[in-house]
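# Coordinates in review
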Amino acid sequence: MITCFNVICDPGLQNQSQEMSDVELVKKMLRAVLQSSKHGVAMTRLQGDYRALTGEIIPYRQFGHGSLESFLHSLPGVVRLERSSAGEVMCFAGVCEETAHIAQLVARQKNVKKSGCSKLLNFQMRAKSSSLFSHNGNMHTQKSRVKDILFYPNQRQIYSTAILAFCRGNQGDANFWVGLKKIITAALRFLSGCTNFVSSLFLLFSQTECDVCCVVSSAQQKPVNSADVEVVQGRVKQLLQKYCSGVWLSKIPQLYRIMFQEELHMHKELATWTHICTVRKLKYTNTFDRLVYPVLEPLDFSFPETPKAHSHSPITPPSTPPSHQPLTPEIKQKLRQLLSKYSQGLWAHALPQLFQEAFGCVFSPNVLEDLSLLADACMVEYPMPDNRKRAILYALPCQVQTQPRPRPPPLVLPYTGNPHVPPLIIPTTDFLSVLVMEVSSTDNIVLRFVGEGYSKALEVLEEAMLQFYNTVGAGLCLLSPKIGQLVAAAIEDDAVLRAQVHLILEDTVKVYCVDHGFFEVVSRKKILQLRDQFLTLPFQATTCQLAGLEPFSTDGVVLKTLESLAVGRTLLVEIVEREDTPAIVLYDTSENEDVNVNAVCLKALQDKSMENPLQVNSVYTNVCVTNVCSDGSIYCQLPSRGQAKLKDIMDKIEAHFISQLTWELLVSKPFCGKVCLAKYKGKWARAEIINLHGSQVLDILFLDLGLPASLEVSELREIPPIFLKELITIPPQAIKCILEELNADGSVWPPEAVLWLRETVLNKVPSCMKIVKLDETRTVHIYLFTGNGAQDLQSSVNCQLASCPFWQRDIHFSKITRVSEPILPEAGDSPYTALALSNGLTLPPQLDLPGVGQNMDVFVSVACHPGHFVLQLWQHLYKLVVLMGEMILFYNKQEVTQINIQKNNVYAAKIDNNWHRVLVKGVLTNGLVSVYELDYGKYELINYSQLQPLIDEFRQLPFQGISAQLAGVKQGFWAEEASMVFRNHVEKKPLVAQIESFEEGDWPWERKISVYLVDTTHEDNDIWIHNIMVEFLDEINRAA
């Protein structure tokens, strides 16, 4: 059971805190941070470690310094700066007499080589987007909030050493308790998720070896008056200022109690205090908790004068190379401005190009070699610790801003006489079902959420209302209703609905049904008093707006299309932005393929007269082939009015980007179906986002070329508003065609055939084509000719390709190497080494796991039954997402190449639009290959052409899939019923695993572990999965 407690410190704390100098307190905190690491702290990480310990960032500007480095130089007794061999500035604790014993103690610390070693079960599970760690080849692949996935694997060690350093160095100081409270508060944030919370806290203090007297008590405190909402809101705002990067909603009552010595009874209403805080749930998490962020003040993008820092002599040793020229305040301000657009982070290597295009100024590439120069302007994270050249930059929490969108008028009119009704809380999942009820514009869509606590709860409520008003409440007529008053309206004989009076006529009343989003005119006799017992459920009708359609919100064509696709239908909704009026994307999932409603509405604006009309048996000249796909289909551009207009507008857009500073056109919130701009061969072209891979990488389709591509988010631009409406009306200029007489079953062509076709026709102008068939899907079947000459079918590209020897599939498939036996190692070699040598490349190191009896945070990617499931280390998942994004960018830009495929060798494979590291298990005669995904534990059957060599760069991260079996149950045959119960409790969920035993194998993917699994997402208790399975098996045996 997770229990909350109060930590009550010295009673003289408040008086002493006023006497302590701010700079002295910062120095003491800084010394505590630095003394916790014997190897020093990189300057790029110092802000993050300081904030993790104190909940604040180092306020160097408050002390008159323009940069963090300048402030550190002014503290020679606290900080010693050195430059590492890699050129990175490292910070070490300055040693004096009073802290020498601390330095000796830290120096004797052993290096922690394994994470997750705590004996305390129920780690604080970091809620992250599990969608990033599963296969999503369709619209469900979504971005994640990168900065929510920061890890501190040795956090308990950091807090223990820091408290020790602080107490040893400052005990007896009159202001000792002020600093200690800061560290305790930060420690509480980390340890409050632990099951044995009190033991964890006392463990910290026992490790400090100091006389700290803390009284742990669960006594009742004086409750806050629930009517005094403003006081509570002010205190919550004050509390959240200490947690700029967010705090879990479930922890706020505890932190409130610690800070104000009073109970918080209104924490469930925080989601409605939008002027105080922002409450949201991370994408695809299976926890019920949510993160709470303070509402931040807008950024001031003016360039204030920076106080000049005092000059100090450098502390770096003589052998250290001189540091790069520090950035000017203007450049730093522009960097903050840039990062405010990318809340999900920005790759550092993109800065020089972005600065040139967005601001028209130069960003020195030398800065990328020493990112410590950016320490006071942003946060720096290295998602791949072994690759210091790949860093992600984030805006500092105090600099993040959100631009509020226009809000539609409220559905329910304000009326002082109405009783309180709880506000509707938007579901925390990002994909959910909704019933669309009313559309007045794309910025004002009235809908109702479907599911538990929403539509199902409303059904129960309305059945209770119908029964009540047909019996006991039949005589509760409202004789004098008032405009704005909440009432019960008997709409039909079998329906009594909650409503609000909007217009009173002589014999009738116009009411708005607050749960269904429509108006109704009813007789005065059918207006009844609405009892308080029917006001506990929030009003279910709410408003949203469609993302990407803001400039066309009232367009008649768009609204007509939207009404036909959405009104009165249950659709899937993806929440793109969580605000008072969420921005959403609607999907119709009733067909074989999901339909993006937003994209269809946008396409309805296209002017069909700009297309070249297609007719069977017609010949078209001056055709340009823009893309040849792996299945042999081609995309062609035909001369048309739309093509001429498109060229004219794109030329104007090119001139606009050259002449204007366009930082406001950076795409900050990508979503599937969004139309924007991306560069193709150095020029801007129209592109539609078709898939998202994490927060940094996405797939697009160049609409006028039919060409797919994978890019980083920073490479996209919004269409300038002055050209948007005109550009959207032009239909895509690339037409998909299939070569007649060649296979048209959609299967993958031999690589030689694809390469030959590309060399023959791609971008060769002019070409000529003859349409022979238009099928139901408007796919065009053609004969293609090079040049505009005679159209003899025997001279067509179709016939030339069909006569090529490599077109025979059996000849091509015979080139695949089939190895029926495993590769045998030579004498003296381990199987692991032999496999590496057979590929000619090294394999990743073994994944480092905690020892027997120790715990680790895991994610279950695949669950077959308790005897076999696959785990991934939670703290490494973000590294895997980054790796897969890099693989997508690399392999999607490579030409199709033929490789020799060997069984039991490791390759890169394209599966569901993602690239995975796989082991080939077998090669079939029909060109299909059986592979095992080494990072996810899934088996797949793919075409041989989807395999590519796994280059050495992608062999550095250990394979993430860990085969496991459940401890605490008897292993044997598992019936389907038991397997389903197990899958429902663990698959695609973050859990805690306690290792029971290891079973090593010859190959890294053959290692298997036996673990206990614990679900720690429930507030009341931890659920041990093996207990569930034992109870289920006992019930099955008793029933038998």
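What you are looking at is a predicted structure, and each value in this text was computed from that prediction instead of being measured.

### Considering the overall build of the chain
Across its full length, the chain carries 24 helices and 42 strands. Expressed as a percentage of the 1040 residues in the chain, the buried residues total 54%. Residue pairs in contact within the chain that sit at least 24 positions apart in sequence constitute 68% of those at least 6 positions apart. Total accessible area on the chain is roughly 45800 Å²; 52% of this is exposed by carbon and sulfur atoms.

### Thoughts on the sheet that holds strand E2 (residues 41–42)
Spatially, E2-E4-E3 is the arrangement adopted by the three strands of the open sheet, whose pairing is antiparallel. What marks the edges here is a single partner per strand, and that holds for E2 and strand E3 (79–83). With two bridges joining them, E2 and strand E4 (residues 89–93) adopt antiparallel strand pairing. Bridging across to E4, Ala42 finds its partner in Met90. In this fold helix H2 (residues 22–35) packs onto E2, E3 and E4, with an angle of close to 105° to the strand it touches most, E4.

### A word on the confidence of the model for the chain
Taken as a whole, the chain shows an average pLDDT of 75; of its residues, 74% reach a score of 70 or greater. Across the chain, helix H15 (residues 597–603) holds the top mean pLDDT of 94, while strand E5 (residues 215–217) sits lowest at 33. In this model residues 283–287 is a low-confidence stretch, pLDDT under 50, and it forms 26 contacts with partners more than four residues away in sequence or in other chains. Predicted confidence for residues 810–839 stays below pLDDT 50, and this span has 60 contacts to residues more than four positions away or in other chains.

### Focus: helix H22 (residues 877–891)
With 15 residues, H22 extends 21 Å between its outermost C-alpha atoms, agreeing within 8% with the 21 Å of an ideal straight helix rising 1.5 Å per residue. A large share of H22 lies buried, amounting to 13 of its 15 residues.

### Quick word on the sheet that holds strand E31 (residues 780–786)
One closed barrel holds the five strands; their spatial order is E23-E24-E29-E31-E30, and the pairing between them is mixed. Adjacent strand axes in the sheet meet at a mean angle of 60°, parallel and antiparallel pairs treated alike. Those strands touched by helix H18 (residues 751–761) are strand E23 (619–628), strand E24 (634–637), strand E29 (734–739) and E31, and its axis lies near 130° from that of E23.

### Things to note about the pairing of strand E26 (residues 683–693)
Within E26, nine of the 11 residues are buried, leaving the element largely enclosed by the surrounding structure. The hairpin formed by strand E25 (residues 675–680) and E26 contains two residues between the paired strands, and Lys681 there has a positive phi angle of roughly 55°. In this structure, E26 lies alongside strand E27 (residues 697–702), joined through six bridges in antiparallel fashion. Within the sheet, the bridge partner assigned to Ala687 lies in E27 and is Phe702. Taking the residues that link successive antiparallel strands as the turn, the E26-E27 hairpin has three residues, and the phi of Gly694 there is positive, at about 70°.

### Quick look at the packing of helix H9 (residues 229–240) against helix H10 (residues 252–260)
Interhelical geometry of H9 versus H10 gives an angle of 95° and a closest axis separation of 11 Å. Considering their axes alone, H9 and H10 lie roughly perpendicular with respect to each other. Of H10, the residues touching H9 (which contributes Val232, Arg235, Val236, Gln238, Leu239 and Leu240) are Ile252, Leu255, Tyr256, Met259 and Phe260.

### Topic: the environment of Leu572
With respect to the helices, strands and loops of the structure, Leu572 is situated in strand E20 (residues 570–577). Taking the C-alpha atoms as reference points, Leu572 and Val585, separated by 13 residues in sequence, lie 8.4 Å from one another.

### Re the nonpolar core
Core analysis: the largest hydrophobic core is formed by 54 residues, its most contacted members being Phe355, Leu374, Ile700, Phe702 and Leu716. When residues of this core are assigned to their parent elements, the largest contribution, five residues, is made by helix H12 (residues 351–359). When near neighbours in sequence (up to four residues on either side) are disregarded, Phe355 contacts Ile331, Lys334, Leu335, Leu338, Gly360, Cys361 and Phe363. The next biggest cluster of nonpolar side chains, apart from the first, holds 42 residues, and it includes Phe449, Leu586, Ile649 and Leu665.

### Digging into the environment of Leu801
In this fold, Leu801 is placed in helix H19 (residues 797–802). Counting along the chain gives 45 residues from Leu801 to Trp756, while the straight-line C-alpha distance between them is 8.1 Å. When residues no more than four places from it in sequence are discounted, the contact partners of Leu801 are Leu742, Trp749, Ala753, Trp756, Phe806 and Trp807.

### Describing the packing of helix H23 (residues 976–986) against helix H24 (residues 1025–1039)
It is at 11 Å that the axes of H23 and H24 come closest, and there the two elements cross at 155°. On the basis of the axis angle, H23 is roughly antiparallel to H24. As for the relative orientation of H23 and H24, their crossing is right-handed in sense. Along the contact surface, H23 presents Glu977, Ala978, Val981, Phe982, His985 and Val986, while H24 presents Ile1025, Ile1028, Met1029, Phe1032 and Leu1033. Here the residues of the contact of H23 with H24 sort into nine nonpolar, one polar and one charged.

### Focus on the environment of Leu883
Along the chain, Leu883 turns up in helix H22. The class of Leu883 is buried, set by a relative accessible area of 5%.

### A look at the pairing of strand E32 (residues 855–865)
Counted residue by residue, E32 has nine buried out of 11 residues, so it is predominantly covered. In this sheet, strand E40 (residues 990–999) lies alongside E32 in antiparallel orientation, the contact comprising five bridges. Residue pairing across strands places Met856 opposite Ala993, the latter belonging to E40. Hairpin connection between E32 and strand E33 (residues 868–873): a loop of two residues separates the two successive antiparallel strands.

### Considering the side chain of Ser340
Structurally, Ser340 is set in the loop between helix H11 (329–339) and strand E9 (346–347). A residue is classified by how much of its surface remains accessible, and Ser340, at 14% relative accessible area, is buried. At 2.6 Å, the side chain of Ser340 and the backbone oxygen of Gln337 are in polar contact.

Criteria and cut-off values
- Residues numbered from 1 in each chain as written.
- Predicted model: local features only at pLDDT ≥ 70, side-chain atom pairs only at ≥ 80, totals over all residues.
- Heavy atoms only, no water.
- Helix = DSSP H or I, 4+ residues; strand = E, 2+ residues; numbered from the N terminus.
- Buried < 20%, exposed > 50% of the residue type's maximum accessible area, 1.4 Å probe, protein only.
- Contact = heavy atoms within 4.5 Å.
- Areas by Shrake-Rupley, 256 points an atom, 1.4 Å probe, with all protein chains shown as cover.
- Pairing = 2+ DSSP bridges.
- Axes fitted to C-alpha atoms, helices over the stretch in contact; angles between N-to-C directions.
- pLDDT = per-residue confidence, 0-100.
- Expected span 1.5 Å × (residues − 1).
- Parallel < 35°, antiparallel > 145°, perpendicular 65-115°, else oblique.
- Core = buried A, V, L, I, M, F, W, Y, C linked by side-chain atoms within 4.5 Å.
- Left-handed = near helix turned anticlockwise from the far one by under 90°.
- Nonpolar A, V, L, I, M, F, W, Y, C, P; charged D, E, K, R; others polar.
- Polar contact = N/O pair within 3.5 Å; in protein donor to acceptor, adjacent residues only side chain to side chain.

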